[in-house]
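Listed below, chain by chain, are the residues.
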Amino acid sequence: MTIDSAIKVLWDGESMLAVEKPAGLSTQSPPGADSLESRLRTQLSDRSDYLAVVHRLDRPVSGVVLIALRKRVAKLLSEQFATRKVDKQYLAVVAGKIEPVDPLWTDYLRKVPDQPRAERATKNDPEAKFAETRVEVVRYCRERDRTLVRLFPHTGRMHQLRIQSALRGHPILGDWLYGENSSENAVAWASAGLRSSNPTRIMLHAESIAFHHPKSGVRVTVGCPADELQQIV
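Structural notes, computed from the coordinates. (Residues numbered from 1 in each chain as written. Predicted model: local features only at pLDDT ≥ 70, side-chain atom pairs only at ≥ 80, totals over all residues. Heavy atoms only, no water.)

A short note on the environment of Glu127
Tracing the sequence through the fold places Glu127 in the loop between strand 7 (118–120) and strand 8 (129–141). Overall, the relative accessible area of 46% leaves Glu127 in the partly exposed class. With 15 residues separating them along the chain, Glu127 and Val112 place their C-alpha atoms 9.8 Å apart. Apart from the residues within four sequence positions on either side, Glu127 is in contact with Leu109, Arg110 and Lys111. (Helix = DSSP H or I, 4+ residues; strand = E, 2+ residues; numbered from the N terminus. Buried < 20%, exposed > 50% of the residue type's maximum accessible area, 1.4 Å probe, protein only. Contact = heavy atoms within 4.5 Å.)

Structure follows, in structure tokens:
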């Protein structure tokens, strides 16, 4: 998948869409800059004058994103995110062997002032926000010393999955912001057929999302396969 191709529509709910965001493409950006939102506005210009991205993925992360094509739909979807009625599932490749005694990761995180990154904080820090993620180990590759995991965030903090993995000594491969600039990252990139110096792709993919359709109320699950990550573990 390249960032130059048209945005793939995974599911069409008439008043909303689920699309596949390529890694390396920002979800949103200032007017005139390339992003998922700007491409979709062009791609869907003959369909709707309104388009809203109701949640985001980090630029180096790929996967499913929900798009509202009506203002009321955007509001209803945003309310589902705010009340944690949306279930998100990610696939990630991390360094080392994960053996979670407790499959639930909990931390207090806060945004680093004036920097586009987060860090661990104490519970009493006034800027701290609680972060919780459920972890399932898919398989471990002894030869390459890396683990394929599924991550189910119960909260939606800045860089939550990336920093929680790194805090436990298992950074997501390719993540130069929270992982070490090590030979392990270089090997991961090479085995995936990517440039080791490319900061626009990390081994994290939004694999599926489940929500209630804003009009019918029916529970909908949209998947977005990640064959690339499956193949390198």
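A closer look at the pairing of strand 2 (residues 16–21)
It is a general feature of regular strands that their side chains alternate between the two faces of the sheet. The buried count for strand 2 comes to six of six residues, which makes it a mostly enclosed element. Sheet topology note: the strand 1 (residues 8–12)/strand 2 ladder contains four bridges and is antiparallel. By the bridge assignment for strand 2, Lys8 is matched with Glu20. Counting the residues between successive antiparallel strands, the hairpin from strand 1 to strand 2 contains three residues, one of them, Glu14, with a positive phi of roughly 70 degrees. As judged from the six bridges shared by strand 2 and strand 4 (residues 62–68), these two strands associate in the antiparallel manner. Paired with Leu17 across the two strands is Ile67, which belongs to strand 4. (Pairing = 2+ DSSP bridges.)

Side note on the packing of aromatic side chains
This structure, assessed with the given rule, holds two aromatic pairs. Judged by centre distance (5.6 Å) and plane angle (75 degrees), the ring pair of Trp11 and Phe211 falls under edge-to-face. Of this pair, Trp11 sits in strand 1 while Phe211 sits in strand 10 (residues 204–212), placing them 200 residues apart in sequence. It is Arg134 that lies over the ring of Phe152; its NZ or CZ is 4.0 Å from the centre. (Phe/Tyr/Trp six-rings, centres within 6.5 Å; stacked < 30°, edge-to-face > 60°. Lys NZ or Arg CZ within 6 Å of the ring centre and 35° of its normal.)

Side note on the pattern of salt bridges
Applying the stated criterion across every chain yields a total of 15 salt bridges. The salt bridge involving Arg134 is made with Glu136; its shortest N-O contact spans 2.7 Å. Residue classification places Arg134 among the partly exposed residues on the basis of a relative accessible area of 31%. Glu136 sits in the partly exposed class, given a relative accessible area of 36%. One salt bridge connects Arg150 with Glu207, and the closest N-O pair in it is separated by 2.7 Å. Note that Arg150 is positioned in strand 9 (residues 146–153) and Glu207 in strand 10, a separation of 57 residues in sequence. On the accessibility criterion, Arg150 (21% relative accessible area) is partly exposed. Take Glu207: its relative accessible area is 10%, and that puts it in the buried class. If you follow the salt bridges from partner to partner, you end up with Arg110, Glu119, Asp125 and Glu127 in one network. (Salt bridge = Lys/Arg side-chain N within 4 Å of Asp/Glu carboxyl O.)

A few points about the nonpolar core
Of all hydrophobic cores here, the largest spans 55 residues; its most connected members are Leu66, Ile67 and Phe211. Looking at this core element by element, the count peaks at six residues for strand 5 (residues 87–95). With near-sequence residues (within four places) excluded, Ile67 lies in contact with Met16, Leu17, Val19, Leu40, Leu51, Ala52 and Val53. Of all hydrophobic cores here, the second largest spans five residues; its members include Leu109, Ala118, Ala131 and Tyr178. (Core = buried A, V, L, I, M, F, W, Y, C linked by side-chain atoms within 4.5 Å.)

Side note on helix 2 (residues 71–82)
A rise of 1.5 Å per residue sets the reference length of helix 2, with its 12 residues, at 16 Å; its end C-alpha atoms lie 17 Å apart and thus fit the reference within 8%. All buried positions along helix 2 are accounted for by Val73, Ala74, Leu76, Leu77, Gln80 and Phe81. Buried residues of helix 2, viewed axially, fall in a sector of 165 degrees; they line one side. For helix 2, the exposed residues lying more than 90 degrees away from the buried face are Lys71, Arg72 and Ala82. The inward-facing, buried residues of helix 2 abut strand 2, strand 3 (52–53), strand 4, strand 5 and strand 10. In the segment just after helix 2, Arg84 is the residue with positive phi, at about 60 degrees. (Expected span 1.5 Å × (residues − 1). Arc of directions from axis to C-beta.)

It is worth stressing that arrangement in space is one thing and function is another; only the former is reported here.
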